[in-house]
Amino acid sequence: MDPLTIDTVKLSGDALVIIDQTLLPNEVKYLSLRETPEICEAIRLLRVRGAPAIGVAAAFGAYLAAYYAPDAGLENTFLDACDQLAASRPTAVNLFWALDRMRSAFAKVSAKSPDEIRSALRAEAQAIMDEDIEISRSIGRFGLGLLRPGMGILTHCNAGTLATAKYGTALAPVYAALDAGLSSLRVYCDETRPLLQGARLSAFEMVSAGVDTTLLCDNMASSLMKAGKVDIIFVGCDRVARNGDAANKIGTSGVAILAAHYGIPFYVCAPSSTIDPAITTGADIPIEFRSPEEVTELWYQKRMAPEGVKVYNPAFDVTDAALITGIITERGLVRAPFEEGFAKLGLLGKR
Ligand code: MRU
């Protein structure tokens with residue numbers, strides 16, 4: 001199956017349709033969601049996941065709340081849905097960015113008829129999705145400029161087409177390479193404990209796309225780098241601070257530290273919606289902590305850790321800007337000092 005034929009998230013008639021990522025790669029199942037609580041739950045449970053994809057899902061969720069609201073309660077229902085959706089996950093700024101856009105779209109037409117409001121909200125959510133596809137393509141083109149035949153690319157978590165409306169961010173350069181006929185790349189996917197987005201999703205995408213793909217456990221990355229197999233690293237991100245500190249899936253900062261040790265270029269792929277101009281450094285990025293069961297029992301036939309043990313399960317970590325070779329945005333590649341580079345490309349606009 002060509003992974004680019006998958007619709008990660010889209011509006012179909014009167015429902016948000018997502019591919020249930022918790023079931024991949026074993027089962028391809030689409031879910032139709034209509035109500036705000038079920039959309040929030042899908043985001044919380046990672047049925048739809050990846051920073052840009054949850055922004056798009058939330059935007060459609062906000063529109064659907066208005067679509068189903070009675071005329072008299074439209075504003076309250078819409079604003080309440082935005083609040084509920086904003087509480088579904090804390091780290092990816094794309095979620096808040098998309099909801100801010102929906103609130104602004106509402107404010108612009110609030111004096112109009114309920115149906116005009118609904119159609120403006122629908123258009124805004126669709127624009128967020130369409131722009132995301134173009135942004136991902138553009139990141140892919142800039143990333144492609146860094147690739148050469150035969151290179152080994154390491155990635156962590158999944159920042160592929162499943163994490164966006166299409167193409168992905170960290171895997172977008174690989175899709176661009178395939179388009180350009182550069183087919184000799186090797187992709188290494190960190191499995192990405194505890195939720196295995198690398199093994200289940202990135203490996204699925206890359207194998208399905210016909211790419212030479214190798215899966216490794218997270219603790220094998222150092223050995224792979226030492227063996228000289230990794231030429232470049234591409235990762236996605238959930239929030240970038242003004243100084244370039246970048247939050248991404250837990251384990252990313254360790255990969256960056258290893259990359260610095262072995263002299264391997266480490267690139268973060270970040271759509272402008274992931275750059276948070278309100279945050280100065282990574283210390284201010286809120287980190288999601290998830291349930292202990294993800295570590296102690298999920299994926300195991302039987303619980304594998306003793307009852308009573310405490311579990312440390314942050315979903316994200318922050319990679320220091322100093323470890324990042326460059327940040328690939330849809331407007332170009334930014335190198336340190338990042339704040340200056342973002343400003344030059346007009347990426348620090350007000351949220
Ligand atoms: O918890 P997840 O699976 O939503 O985490 C996703 C990541 O960390 C991705 O790398 C990030 O959102 C970028 S997706 C283009």
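In this numbering scheme, every chain counts its residues from 1 along its sequence in written order. Local features are withheld for residues below a pLDDT of 70 in this predicted model, meaning they are given only at 70 or higher, and side-chain atom pairs are given and counted only at 80 or more; totals for whole chains, interfaces and linings count all residues. To obtain the side-chain values, all non-hydrogen atoms of the structure were included, while hydrogens and water were left out.

Section: unusual backbone geometry
Okay, so step 1: A cis geometry characterises the amide bond from Leu24 onward to Pro25, with omega recorded as 5°.
Okay, so step 2: Runs of E in the DSSP output that reach at least two residues are strands. Runs of H or I that reach at least four are helices, and both are numbered from the N terminus. Tracing the backbone through its elements, the reader meets Pro25 in the loop between strand S2 (15-19) and strand S3 (30-33).
Okay, so step 3: A cis amide bond, omega -5°, links Ala336 with the succeeding residue Pro337.
Okay, so step 4: Tracing the sequence through the fold places Pro337 in the loop between strand S13 (332-334) and helix H11 (338-344).
Okay, so step 5: Phi is positive for Cys157, which is not a glycine, with a value near 65°.
Okay, so step 6: Not every positive phi belongs to a glycine, and Tyr167 is a case in point at roughly 80°.
Okay, so step 7: With respect to the helices and strands, the residue Tyr167 is situated in the loop between strand S4 (152-155) and helix H6 (172-179).
Okay, so step 8: Classification of Tyr167 as buried rests on a relative accessible area of 16%. Categorising residues by exposure relies on relative accessible area from a 1.4 Å probe, with only protein chains included: less than 20% of the type maximum marks a residue as buried, more than 50% marks it as exposed, and the intermediate range marks it as partly exposed.

Describing the site of the ligand
Okay, so step 1: Within the structure, the ligand sits among 19 residues, and Arg49, Ala51, Arg89, Asn248 and Lys249 are positioned closest to it.
Okay, so step 2: Under the rule applied, a polar contact is a pair of N or O atoms within 3.5 Å (in protein, one hydrogen donor and one hydrogen acceptor; residues adjacent in sequence only if both atoms are side-chain atoms). Between the ligand and Arg49 there is a distance of 2.5 Å, counted from an oxygen atom to a side-chain nitrogen or oxygen.
Okay, so step 3: Separating an oxygen atom of the ligand from a side-chain N or O atom of Gln197 is a distance of 2.9 Å.
Okay, so step 4: Taken together, the elements giving at least two residues each to the shell around the ligand come down to helix H2 (51-68) and strand S9 (246-249).
Okay, so step 5: Tallied by class, the residues present in the shell around the ligand amount to 8 nonpolar, 7 polar and 4 charged.
Okay, so step 6: If you count residues domain by domain, the shell around the ligand takes at least three from each of domain 1 (3-137) and domain 2 (138-344). We call a residue near a molecule or strand when any one of its heavy atoms sits within 4 Å of it. Classification used: nonpolar for Ala, Val, Leu, Ile, Met, Phe, Trp, Tyr, Cys and Pro, charged for Asp, Glu, Lys and Arg, polar for all others including Gly. For the domains described, the bounds stem from an automatic or database domain assignment.

Observations concerning the packing of helix H3 (residues 74-86) against helix H4 (residues 93-109)
Okay, so step 1: Their axes nearest at 10 Å, the elements H3 and H4 cross at an angle of 170°. The orientation of H3 with respect to H4, classified from their angle, is roughly antiparallel. Of H4, the residues touching H3 (which contributes Leu74, Glu75, Phe78, Leu79, Cys82, Asp83, Leu85 and Ala86) are Leu95, Phe96, Leu99, Met102, Arg103 and Phe106. Under this scheme, a helix contributes an axis fitted over its contacting stretch, all axes are lines through C-alpha atoms, and angles between N-to-C directions fall in the 0 to 180 degree range. Each angle receives one of four descriptions, namely roughly parallel if under 35 degrees, roughly antiparallel if over 145, roughly perpendicular if within 65 to 115, and oblique otherwise. In what follows, a contact means two residues having at least one pair of non-hydrogen atoms within 4.5 Å.

Focus: the sheet that holds strand S12 (residues 326-329)
Okay, so step 1: The criterion for strand pairing is that DSSP finds at least two bridges linking the strands in question. Strand order in the open sheet made by the 7 strands is S6-S5-S4-S7-S10-S12-S13, with mixed pairing throughout. Sheet topology places strand S6 (212-216) and S13 at the edges, where each strand pairs with a single neighbour. Each neighbouring strand pair of the sheet contributes to a mean axis angle of 25°, computed without reference to strand direction.
Okay, so step 2: As judged from the 3 bridges shared by S12 and S13, these two strands associate in the antiparallel manner. Within S13, the residue paired with Ile327 across the bridge is Val334.
Okay, so step 3: Running at roughly 150° to strand S10 (residues 266-269), helix H9 (residues 252-262) makes contact with S4, strand S5 (186-190), strand S7 (232-235) and S10 of the sheet.

Looking at the layout of surface pockets
Okay, so step 1: Cavity and pocket criteria rest on a 1 Å grid covering protein atoms alone: a 1.4 Å probe that fits but cannot get out defines a cavity, protein on both sides within 12 Å along at least 5 of 7 lines defines an open pocket, and an atom within 4 Å of a point defines a lining residue. Grid points are joined across faces, edges and corners, and a volume is the space filled by probe spheres set on the points. A volume near 190 Å³ is recorded for the second largest pocket.
Okay, so step 2: If you trace the second largest pocket, you find it lined by Thr22, Leu45, Leu46, Arg49, Leu195, Arg200, Arg290, Glu294, Leu298 and Trp299.
Okay, so step 3: Classifying every residue of the lining of the second largest pocket gives 5 nonpolar, 1 polar and 4 charged.
Okay, so step 4: Counting the residues that make up the lining of the second largest pocket, at least three belong to each of domain 1 (3-137) and domain 2 (138-344).

Description of the packing of helix H5 (residues 114-144) against H6
Okay, so step 1: At their nearest, the axes of H5 and H6 sit 7 Å apart, and the two run at 75° to each other. Comparing their axes, H6 and H5 come out roughly perpendicular. Between H5 and H6, the contacting residues are Ser136, Arg137, Ile139, Gly140, Arg141, Gly143 and Leu144 on the first element and Ala172, Pro173, Ala176, Ala177 and Asp179 on the second.
Okay, so step 2: For the contact of H5 with H6, a count of residues per class yields 6 nonpolar, 3 polar and 3 charged.

Digging into the packing of aromatic side chains
Okay, so step 1: Pairing of aromatic rings covers Phe, Tyr and Trp, the last counted by its six-membered ring, and requires centre-to-centre distances within 6.5 Å; plane angles under 30 degrees mean stacked, over 60 mean edge-to-face, and any other angle means tilted. Per the counting criterion, the structure on display carries 6 aromatic pairs.
Okay, so step 2: Pairing Phe289 with Tyr312 gives two aromatic rings, centres 5.9 Å apart and planes at 65°, and the pair type is edge-to-face. Note that Phe289 is positioned in the loop between S10 and helix H10 (293-296) and Tyr312 in the loop between H10 and strand S11 (316-319), a separation of 23 residues in sequence.
Okay, so step 3: With relative accessibility at 52%, the residue Phe289 sits in the exposed group.
Okay, so step 4: One aromatic cluster is present, formed by Tyr63, Tyr67 and Tyr68 through successive ring pairs.
Okay, so step 5: The rule is short: NZ of Lys or CZ of Arg within 6 Å of the ring centre and within 35 degrees of the ring normal puts a charge over the ring. A cation over a ring is seen here: Lys249 above Phe316, with NZ or CZ 4.3 Å from the ring centre.

Side note on the domain arrangement of the protein
Okay, so step 1: By domain assignment, the protein separates into domain 1 (3-137) and domain 2 (138-344).
Okay, so step 2: With centres defined by C-alpha atoms, the gap from domain 1 to domain 2 works out at 24 Å.
Okay, so step 3: Counting residues at the interface gives 35 residues for domain 1, matched by 42 residues for domain 2.
Okay, so step 4: Taken together, the two surfaces of domain 1 and domain 2 that pack against each other cover about 3200 Å², and 56% of this comes from carbon and sulfur.
Okay, so step 5: Take the accessible area each of two parts loses on contact, using a 1.4 Å probe, and add the two losses: that sum is the buried area. Of all residues in domain 1, Leu4, Thr91 and Arg137 bury the most surface against domain 2, accounting for 22% of the area lost on that side.
Okay, so step 6: Each salt bridge in this description consists of a side-chain nitrogen of Lys or Arg and a carboxyl oxygen of Asp or Glu lying within 4 Å of one another. Across the domain 1-domain 2 interface, the total number found is 1 salt bridge.
Okay, so step 7: Arg89 serves as the salt-bridge partner of Glu288, at 2.8 Å between the closest nitrogen and oxygen.
Okay, so step 8: Put simply, domain 1 and domain 2 have 30 residue pairs in polar contact (both at pLDDT 80 or more) between them.
Okay, so step 9: Elements represented by at least two residues in the side of domain 1 that touches domain 2 include exactly H2, H4 and H5.

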